[in-house]
Amino acid sequence: MERPLPGGTRGILRPRRGLERFQIERIPPRAALAPFVAHFWVLRWDLRGRPPHRQRVLTRPSVHMTFTSYLTGGATRARIVGVVRDDFTEEIHDEGRVIGAAFRPGGFRPFTDAAVATLTGRFAGVEEVFGTDGTALAAEIFARPDAAEAVGLLEAFLAGRGPAPDPSAERAAAIVERIAGRPGLARVDELAAEVGLSPRSLQRLFHEYVGIGPKWVIRRFRMQEAAERAASGTDVDWAELAAELGYADQAHFVRDITASVGTPPARYARETGPGSIGG
């Protein structure tokens with residue numbers, strides 16, 4: 001019997017193929033960090049003797065703080081990853097791991113003096129935001145072979161920054177959550193009216209706290225929903241799904257998902273459904 005995909009794979013394109021090559025674990029944050037951090041995560045892989053793997057991801061509207069280390073050769077990289085507008089592709093090879101923190105939409109703003117939009121589309125070194133403290137943290141994390149200890153160091157570092165709860169950050173997170181739960185939502189003005197803001201005020205809030213506009217967020221969650229349905233292994237009525245996602249016509253939907261995942265939806269479903277591992 002074919003196994004369903006595990007939770008937490010939304011946004012990972014061709015997830016069955018990827019999960020044959022790496023393992024990902026998500027760890028909830030302590031209560032004090034829950035308003036800011038969605039989860040910590042550990043990505044591990046061992047591809048020694050196998051070809052490198054390139055993984056595409058339809059990213060979420062959130063900032064990540066990541067510490068990548070290769071056990072073969074000792075290469076390391078510590079960076080703050082802003083919201084990625086297009087799909088994100090990462091190549092992994094040999095053996096290694098990533099220790100990461102995924103911030104809630106709006107959750108990174110209390111840790112920095114600048115609008116989150118200043119990080120959008122960028123991969124900044126941790127020292128750019130956290131100075132020499134960030135550099136020292138990276139050295140400590142890379143020195144810890146135990147992933148749980150490394151996550152603990154990252155969690156303690158963020159908790160030690162003592163960010164104060166920010167009502168605007170909470171509002172931004174709540175609005176993004178509303179979008180995620182409404183895959184048929186298609187219009188920014190409709191969203192603005194629902195949350196009691198003018199479209200311009202909504203744009204300013206997203207610029208400051210989320211890092212990207214609400215139109216992009218709406219479209220991204222629609223595409224994630226479509227890709228997840230395609231990978232589920234169940235039959236999909238594409239015309240029905242297009243209507244459910246708020247598209248006026250199926251052709252527009254097909255163009256959008258093809259641009260997002262790289263192939264037309266029916267072909268993507270064949271390539272990602274049960275039995276596609278190793279393809």
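The preceding data block contains the structure.
Given the structure is predicted, the values throughout are model-derived calculations rather than measurements. Within each chain, residues carry numbers counting from 1 in the order of the written sequence. Totals for whole chains, interfaces and linings use every residue, but because this is a predicted model, local features are given only for residues with pLDDT of at least 70 and side-chain atom pairs only at 80 or more, for both listing and counting. Water and hydrogen atoms were dropped before computing side-chain values, which therefore reflect all heavy atoms in the structure.

1. A few points about the environment of His252
You can see His252 is positioned in helix H9 (residues 250-261). Each C-alpha atom of the pair His252 and Arg144 lies 49 Å from the other, and the pair is 108 residues apart in sequence. Where helices and strands are cited, they refer to DSSP runs of H or I of at least four residues and of E of at least two residues respectively, numbered from the N terminus.

2. Quick word on the packing of helix H4 (residues 167-180) against helix H5 (residues 188-195)
Between N-to-C directions, angles cover 0 to 180 degrees, with each direction set by a line fitted to C-alpha atoms, over the stretch in contact for helices. For the pair H4 and H5, interaxial distance at closest approach is 11 Å and the crossing angle is 125°. Classified by the angle between their axes, H4 and H5 sit oblique to one another. When you trace H4 past H5, the crossing you get is right-handed. Mapping the contact onto sequence places Arg171, Ile175, Arg178 and Ile179 in H4 and Leu191, Glu194 and Val195 in H5. We call Asp, Glu, Lys and Arg charged. Ala, Val, Leu, Ile, Met, Phe, Trp, Tyr, Cys and Pro are nonpolar, and the rest, Gly among them, are polar. Counted by class, the contact of H4 with H5 contains 4 nonpolar, no polar and 3 charged residues. When an angle is under 35 degrees it counts as roughly parallel; over 145 it counts as roughly antiparallel; between 65 and 115 it counts as roughly perpendicular; any other value is oblique. Here a crossing is taken to be left-handed if its near helix is turned anticlockwise relative to the far helix by less than a right angle, and right-handed if that turn runs clockwise. Working rule for contacts: check all heavy atoms of both residues, and any pair within 4.5 Å makes them a contact.

3. So, the packing of helix H7 (residues 214-231) against helix H10 (residues 265-272)
Viewed as axis vectors pointing N to C, H7 and H10 meet at an angle of 50°, and their least axial separation amounts to 8 Å. The angle between H7 and H10 places the two elements in the oblique class. Taken as a pair, H7 and H10 cross one another with a handedness that is right-handed. Along the contact surface, H7 presents Ala227, Ala230 and Ala231, while H10 presents Tyr268, Ala269 and Thr272.

4. Concerning the pairing of strand S4 (residues 64-70)
Think of it in three bands: with a 1.4 Å probe and only protein chains considered, a residue is buried below 20% of the maximum accessible area for its type, exposed above 50%, and partly exposed in between. Within S4, 6 of the 7 residues are buried, which leaves the element mostly enclosed by the surrounding structure. Two strands form a pair only when DSSP identifies at least two bridges running between them. Pairing geometry for S4 and strand S5 (residues 76-81), over 6 bridges, is antiparallel. Across the sheet, Thr68 pairs through a bridge with Arg77, a residue of S5. Between S4 and S5, which pair antiparallel in sequence order, lie 5 residues; one of them, Gly73, sits at a positive phi of approximately 95°.

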